[in-house]
Amino acid sequence: MNRRSIRFRLTAWYALILMVTFAAAGAVVWWAIRDSIHSTVDKDLRSRLKAMRTYVEKQSSTPDAEPVAEELAEDAALSGTSFRVLGSDGRWIYQAPETQGWALPNEDASHLPNKGKINTVMTDGKPMRVLSAPVQLGPNQLALAQIGVPVEEYYEMLNGVTWTALLASPLVLLLASAGGYWMSRRALEPVDQITRTAAEIGAYNLSQRLPLRKTGDELDRLSATLNSMFARLEAAFRQITQFTADASHELRTPVAIIRTTAELARSKPRSPEEYRKALDGILTESERTSRLIEDLMLLARADAGADSIVEEPISLAECLRDACAEVGILAEHKGVCLEVSDPPECTIRGDQQAIRRMFLILLDNAIKYTPSGGKVGVNLSIERVGSGQSAVVEVRDTGAGISPDDLPHVFERFYRAAKDRSRNTGGAGLGLSIARWIAERHGGEVECESTVESGSVFRVRLPIIIDQFQS
Ligand code: ADP
């Protein structure tokens, strides 16, 4: 048996508590029996004393005390009681032979209470209860009467009970401990099962779950909690695996293009113009790869909670104006009209670079997915939410829109609408997931409404800091 196991410790504690309870209960019972023996015997002694006094009173006319004592002795002998009477002059008026060995302290009859005093004495190795009390023998004589009753039989019975209890208790203790061990074993059996199953669960069988016995007890609740933990781990693990697979897939294409372009350029002598074209291609793909790697690293750091987002008061209008200015040329180049309504001043707490990046992603998408001649509108407004305020930035386009099938997924990592995957117009499908992460990291949210062929609206809500100058 493992000494550190809960089972062993439970049983040991159980046995210890049982032993202490046994000992305490045994002691109480022993005292109770002894007390009851004494009170029965003492009651008997007192009734004898009473009888003696009544008798002596009746004979009080007798001038000599000795004949009275003798008569009493006869009566006592019949009932198995021994007694002796000591006169006030220190002379024995009567002394039964068996009372000679009573080792009692010298008592003065005049100092004893009327009901007397009881002692247990040993005579010839046998216990006796002896009552010492004052008795009026005649008008002028206060004698000391000592009446004794043997209690050996009672004590023997008490000893018998004590020995039986002492001998039986180890057996009872052993049986109870064995029962306790069996019970704790039964109760803790599911723990062993949980341990075994949990030990089997690894990276390759994360979908395995602990069995539930549906008893609703603590161990079942533990299994259910562990199961939900396994489910979360499985989801996280799946997400990481998916992320790694998607990331490597996305990286493979540009690396393959770079390699083939270089190989092709090197395969035979080429004109400087051809070399320049090949190098341009390589440069474009390298830039794309660098951007992709940066995005991947940003998301990986975000997942690990190790992002470098700073939190300081920033002007949202300024960020928006900057981002719009940056994509202005792109819109112009594409023949898309970019309309920016004059944004009201508002301060938020956050990272200027990140917020600008979020706007750039939304604006870039809007321009990218809007055909030439279309329009992209940008608007910043302030909304009251409860006791605070939120800034709402809307990027509205008149582009291709997003189909209802794609709409719930556009914020997922690596998700691209089916037609974009084939057309290869978009990026790796990470833009919107980064935008959403930035919004959420600033305590805000981003949502999208879209109608196919008529355009989309991306709406970002961010909490505003209300400082004393604004309020
Ligand atoms: P990508 O880098 O491919 O643009 P995003 O995460 O930014 O990745 O966008 C995911 C998908 O959402 C895109 O592939 C595109 O199909 C769709 N999408 C995003 N913005 C728009 C928009 N303004 N209009 C239409 N479709 C959009």
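Here the structure is a predicted model, which is why all the values come from computation and not from measurement.

Novice: How would you sum up the overall build of the protein chain? Please name residues and give values.
Specialist: Check the secondary structure of the protein chain and you find nine helices and twelve strands. Scaling as 2.2 N^0.38, a compact globule of 471 residues should have a C-alpha radius of gyration of about 23 Å, whereas the protein chain reaches 52 Å, well beyond that. Its C-alpha atoms give the protein chain principal-axis dimensions of about 160 × 60 × 35 Å. For the protein chain, buried positions account for 36% of its 471 residues. Across the protein chain, the fraction of contacts at a sequence separation of at least 24, relative to all contacts at a separation of at least 6, is 64%. As displayed, the protein chain has an accessible area near 28400 Å², and 57% of this comes from carbon and sulfur atoms. Counting 54 positive and 61 negative side-chain charges, the protein chain places the centres of these two groups 5 Å from one another.

Novice: Break down the nonpolar core for me, with residues and values.
Specialist: A general tendency of soluble globular proteins is for nonpolar side chains to be buried together. In this structure, Leu 316, Ile 355, Met 358 and Phe 359 are the most contacted members of the largest nonpolar core, which totals 54 residues. The greatest single-element share of this core, amounting to ten residues, is contributed by helix α7 (residues 352–368). Discounting residues that sit within four places of it in the chain, Met 358 has contacts with Ala 435, Ile 438, Ala 439, Val 460 and Leu 462. Judged by nonpolar contacts, the second largest core, of 25 residues, contains Val 85, Leu 131, Ala 143 and Ile 147.

Novice: An account of the sheet that holds strand β10 (residues 388–397) is requested, with residue identities and associated values reported.
Specialist: Strand order in the open sheet formed by five strands is β7-β9-β10-β12-β11, with mixed pairing between adjacent strands. The sheet is open, and its two edges are formed by β7 (337–340) and β11 (445–451), each paired on a single side. On average, adjacent strands in this sheet sit at an angle of 20° to one another, irrespective of strand direction. Bridge count between β11 and strand β12 (residues 455–463): seven bridges; the pairing is antiparallel. Across the sheet, residue Ser 450 finds its bridge partner in β12, namely Ser 456.

Novice: Now, about the state of the cysteines: what can you tell me, with residues and values included?
Specialist: Scanning the entire structure with this criterion turns up zero disulfides. Left without a disulfide partner, Cys 337 is nearest to the cysteine sulfur of Cys 324, which lies 12 Å away. The class of Cys 337 is partly exposed, set by a relative accessible area of 36%.

Novice: Tell me about the layout of surface pockets, and name the residues and values.
Specialist: Sizing a probe to match a water molecule and rolling it over the atoms shows the empty space that remains. Reported here for the second largest pocket is a volume of approximately 370 Å³. Lining the second largest pocket are 17 residues, with Phe 22, Gly 26, Ala 27, Ala 165 and Leu 166 sitting closest to its centre. Contributing elements (two or more residues each) for the lining of the second largest pocket: α1 (6–58) and α3 (152–200). For the lining of the second largest pocket, the element with the highest residue contribution is α1, accounting for nine residues.

Novice: Pulling in residues and values, what's your account of empty space enclosed by the protein?
Specialist: For the structure on display, the rule yields one cavity of 30 Å³ or more. Space inside the largest cavity adds up to approximately 50 Å³. Forming the boundary of the largest cavity are Pro 190, Gln 193, Ile 194, Pro 211, Arg 213, Leu 219, Asp 220 and Ser 223. For the lining of the largest cavity, the secondary-structure elements that each account for two or more residues are α3 and α4 (218–266). In the lining of the largest cavity, the residues fall into four nonpolar, two polar and two charged.

Novice: Any chance you could break down the sheet that holds strand β2 (residues 92–95) for me, citing the residues and the numbers?
Specialist: Pairing is antiparallel across the open sheet formed by five strands, whose spatial order is β2-β1-β5-β4-β3. Either end of the sheet is taken by a strand with one partner, and the two such strands are β2 and β3 (117–123). Neighbour-to-neighbour, the strand axes of the sheet open up by a mean angle of 20°, direction not taken into account. Pairing between strand β4 (residues 126–137) and strand β5 (residues 141–150): ten bridges, direction antiparallel. Directly across from Met 128, in β5, lies its bridge partner Pro 150.

Novice: Let's hear about the confidence of the model for the protein chain: which residues, and what values?
Specialist: Where the model shows low pLDDT, its predicted coordinates should not be examined in detail. Of the residues in the protein chain, 93% reach a pLDDT of 70 or more, and the chain-wide mean stands at 88. Model confidence for the protein chain, summarised as mean pLDDT per element, is weakest for helix α8 (residues 418–423) at 57 and strongest for β12 at 96.

Novice: Tell me about the pattern of salt bridges, residues and numbers included.
Specialist: In this structure the tally under the stated criterion is 28 salt bridges. One network of salt bridges, with partners in common, ties together Glu 383, Glu 394, Arg 396, Glu 445, Glu 447, Glu 449, Arg 459 and Arg 461.

Novice: Please give an account of the packing of helix α5 (residues 272–303) against helix α9 (residues 431–441) that cites residues and values.
Specialist: With their axes 11 Å apart at the nearest point, α5 and α9 run at an angle of 40° to one another. With respect to each other, α5 and α9 are oriented oblique. The handedness of the crossing between α5 and α9 comes out as left-handed. Across the interface between the two elements, Asp 295, Leu 298, Leu 299 and Ala 302 from α5 touch Ser 433, Ile 434 and Trp 437 from α9. Looking at the contact of α5 with α9 residue by residue, the classes come out as five nonpolar, one polar and one charged.

Cut-offs and rules
Residues numbered from 1 in each chain as written. Predicted model: local features only at pLDDT ≥ 70, side-chain atom pairs only at ≥ 80, totals over all residues. Heavy atoms only, no water. Helix = DSSP H or I, 4+ residues; strand = E, 2+ residues; numbered from the N terminus. Rg over C-alpha atoms; globule rule 2.2 N^0.38 Å. Buried < 20%, exposed > 50% of the residue type's maximum accessible area, 1.4 Å probe, protein only. Contact = heavy atoms within 4.5 Å. Areas by Shrake-Rupley, 256 points an atom, 1.4 Å probe, with all protein chains shown as cover. Lys, Arg positive; Asp, Glu negative; His and termini not counted. Charge placed at Lys NZ, Arg CZ, Asp CG, Glu CD. Core = buried A, V, L, I, M, F, W, Y, C linked by side-chain atoms within 4.5 Å. Pairing = 2+ DSSP bridges. Axes fitted to C-alpha atoms, helices over the stretch in contact; angles between N-to-C directions. Disulfide = S-S within 2.5 Å. 1 Å grid on protein atoms, 1.4 Å probe; cavity = no way out; pocket = protein on both sides within 12 Å on 5 of 7 lines; lining within 4 Å. Points joined across faces, edges and corners; volume = space filled by probe spheres on them. Nonpolar A, V, L, I, M, F, W, Y, C, P; charged D, E, K, R; others polar. pLDDT = per-residue confidence, 0-100. Salt bridge = Lys/Arg side-chain N within 4 Å of Asp/Glu carboxyl O. Parallel < 35°, antiparallel > 145°, perpendicular 65-115°, else oblique. Left-handed = near helix turned anticlockwise from the far one by under 90°.

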